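A look at the structure
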Amino acid sequence: MEQRRLGRTEIVASVLGFGGSEIGYQGVSARTVARLLGSALDAGLNVIDTAECYDDSERLIGKAIGTRRRELHLFTKCGHAGGGSSADWRRAPLLASIERSLRRLATDYVDLIQLHSCSLGELRKGEAIEALERARERGWARYIGYSGDGEAARYAVECGRFDTLQTSVSIADQESVERTLPLAIARQMGVIAKRPLANVAWRYERKPSEPYYQAYWSRLRKLDYPFLKSSPDAAASTALRFTLSAPGVHIAIVGTTKPERWQQNAALLGAGPLPAGEFERIRARWRAVAGESWGGQV
């Protein structure tokens, strides 16, 4: 699998990383997670990204990677230790949460600790960023990053205090391509794309009841990309390769609960880089159709 250096960090990462939200939220067994991550590592994966609020995800990952810890770069996020609907950006609770993440992940350090969708106002206060800097000083994290979108993401890039940015980049979410990624490139910042497959929202014939999928489903109906009418694997391949072709993107994070799916995800990149003409056609369609309200989805 292709590898890219993550901005100005020393991390050389597989372009495809594993996202740990699904295994936490969907109650996947420890045995299944061990099979899934084992096969992913064997296929060339060397990045796992999770968060303290993804239910049991950190503990499952820590147990699964075991002696293979040194083969991969481990990323997690903080700010929602009480669950996804609650947030605490004070220094002491953030540091306590990071310590808890290390215990769950069964490791002495993570390669990257990220603020998880911290608001612009909280970022400007500075206390949350100071907590991550303190964790780095203590050796709990090699690098620090911000995960989020919109104005907060742009502030995180421009403030100069973060090593990486994780933000939404997909065929249904291109605000960052126009407004955020150029800033990150100028600062040699590592960029991790979340939701690179746009939640595969095009697979639903009718608008999904789950809010997590609705915005992308509605956008994709209007965008009406011709390639989405091809086979499921071909459509997913084009979507994923679009994200990885966006200037400034180093890693695309994809989650799954099925061990066999990881090899299939890796195979989606087998067609090679997305041709420049196809990338530009997708960008042109976005520029022609996207509404002013089509901001990055947090």
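Here, the structure is the one placed above.
Summary of the structure given here. In this text, all values refer to a predicted model and were calculated from it rather than measured experimentally.

Attention now moves to helix α7 (residues 150–158). Those residues of α7 not exposed but buried are Gly 150, Ala 152, Ala 153, Arg 154, Ala 156 and Val 157. Summarising the contacts, the buried residues of α7 are in contact with α5 (120–125), β7 (141–147), β8 (164–168), α8 (175–179) and α9 (181–186). Positioned one or two residues after α7, Gly 160 has a phi angle of 80 degrees, which is positive.

Turning our attention to the side chain of Arg 69. Within the fold, Arg 69 resides in the loop between α3 (57–65) and β5 (73–78). A distance of 3.2 Å separates polar atoms of two side chains, one belonging to Arg 69 and the other to Asp 111. Apart from residues no more than four positions distant in its own chain, Arg 69 is found in contact with Leu 74, Thr 107, Tyr 109, Val 110 and Asp 111.

It is worth spelling out the side chain of Ser 97 at this point. Note that Ser 97 resides in helix α4 (residues 91–105). Those residues in contact with Ser 97 that sit more than four places away from it in its chain are Glu 52, Cys 78 and Ala 81.

On to the nonpolar core, then. Leu 115, Tyr 146, Phe 162 and Ile 171 are the most contacted members of the largest nonpolar core, which totals 82 residues. Sort the elements by how many residues they give to this core and helix α11 (residues 232–245) lands first, with six residues. Other than its neighbours up to four places away in sequence, Tyr 146 contacts Gln 114, Leu 115, Ser 117, Cys 118, Leu 123, Ala 152, Ala 153, Ala 156, Phe 162, Thr 164, Leu 165 and Gln 166. Residues Phe 75, Leu 112, Ile 192 and Ile 251 belong to the second largest nonpolar core, which totals 10 residues.

This brings us to the pattern of salt bridges. The full count for this structure, using the stated rule, is 23 salt bridges. Between Arg 4 and Glu 2 there is a salt bridge, and its shortest N-O distance comes to 2.9 Å. Where Arg 287 meets Glu 280, a salt bridge forms, and the shortest distance between an N and an O atom there is 4.0 Å. Three or more residues joined by partner-sharing salt bridges are found here, namely Glu 151, Arg 154, Glu 175 and Arg 179.

Taking 1.5 Å of rise per residue, 13 residues should cover 18 Å, and helix α10 (residues 211–223) covers 19 Å from first to last C-alpha, within 8% of that figure. Burial in α10 covers these residues: Tyr 216, Trp 217, Arg 219, Leu 220 and Leu 223. Positive backbone phi, at 50 degrees, marks Asp 224, one or two positions downstream of α10.

Before going further, it helps to spend a moment on the packing of helix α2 (residues 30–42) against helix α12 (residues 259–267). Here α2 crosses α12 at 20 degrees, and the two axes come no closer than 7 Å. Taken together, the axis directions place α2 and α12 in an arrangement best described as roughly parallel. Both α2 and α12 take part in a crossing whose hand is right-handed. Residues Thr 32, Arg 35, Leu 36, Ser 39 and Ala 40 of α2 pack against Pro 259, Trp 262 and Gln 263 of α12.

So, about the packing of aromatic side chains. Counted by the stated rule, this structure contains eight aromatic pairs. For the ring pair Tyr 225 and Phe 227, a centre distance of 5.3 Å and an interplane angle of 25 degrees mean the geometry is stacked. Relative accessible area serves as the criterion here: at 3%, Tyr 225 is assigned to the buried category. For Phe 227, a relative accessible area of 12% gives the class buried. Each ring, one from Trp 286 and one from Trp 294, has its centre 5.5 Å from the other, and the planes form 55 degrees; the classification is tilted. Residue Trp 286 shares its accessibility class with Trp 294, and that shared class is buried. Linked through ring pairs, Tyr 204, Tyr 212 and Tyr 213 together constitute an aromatic cluster. Sitting above the plane of the Tyr 109 ring, Arg 69 keeps its charged end 4.5 Å from the centroid.

Rules used throughout
Residues numbered from 1 in each chain as written. Predicted model: local features only at pLDDT ≥ 70, side-chain atom pairs only at ≥ 80, totals over all residues. Heavy atoms only, no water. Buried < 20%, exposed > 50% of the residue type's maximum accessible area, 1.4 Å probe, protein only. Helix = DSSP H or I, 4+ residues; strand = E, 2+ residues; numbered from the N terminus. Contact = heavy atoms within 4.5 Å. Polar contact = N/O pair within 3.5 Å; in protein donor to acceptor, adjacent residues only side chain to side chain. Core = buried A, V, L, I, M, F, W, Y, C linked by side-chain atoms within 4.5 Å. Salt bridge = Lys/Arg side-chain N within 4 Å of Asp/Glu carboxyl O. Expected span 1.5 Å × (residues − 1). Axes fitted to C-alpha atoms, helices over the stretch in contact; angles between N-to-C directions. Parallel < 35°, antiparallel > 145°, perpendicular 65-115°, else oblique. Left-handed = near helix turned anticlockwise from the far one by under 90°. Phe/Tyr/Trp six-rings, centres within 6.5 Å; stacked < 30°, edge-to-face > 60°. Lys NZ or Arg CZ within 6 Å of the ring centre and 35° of its normal.

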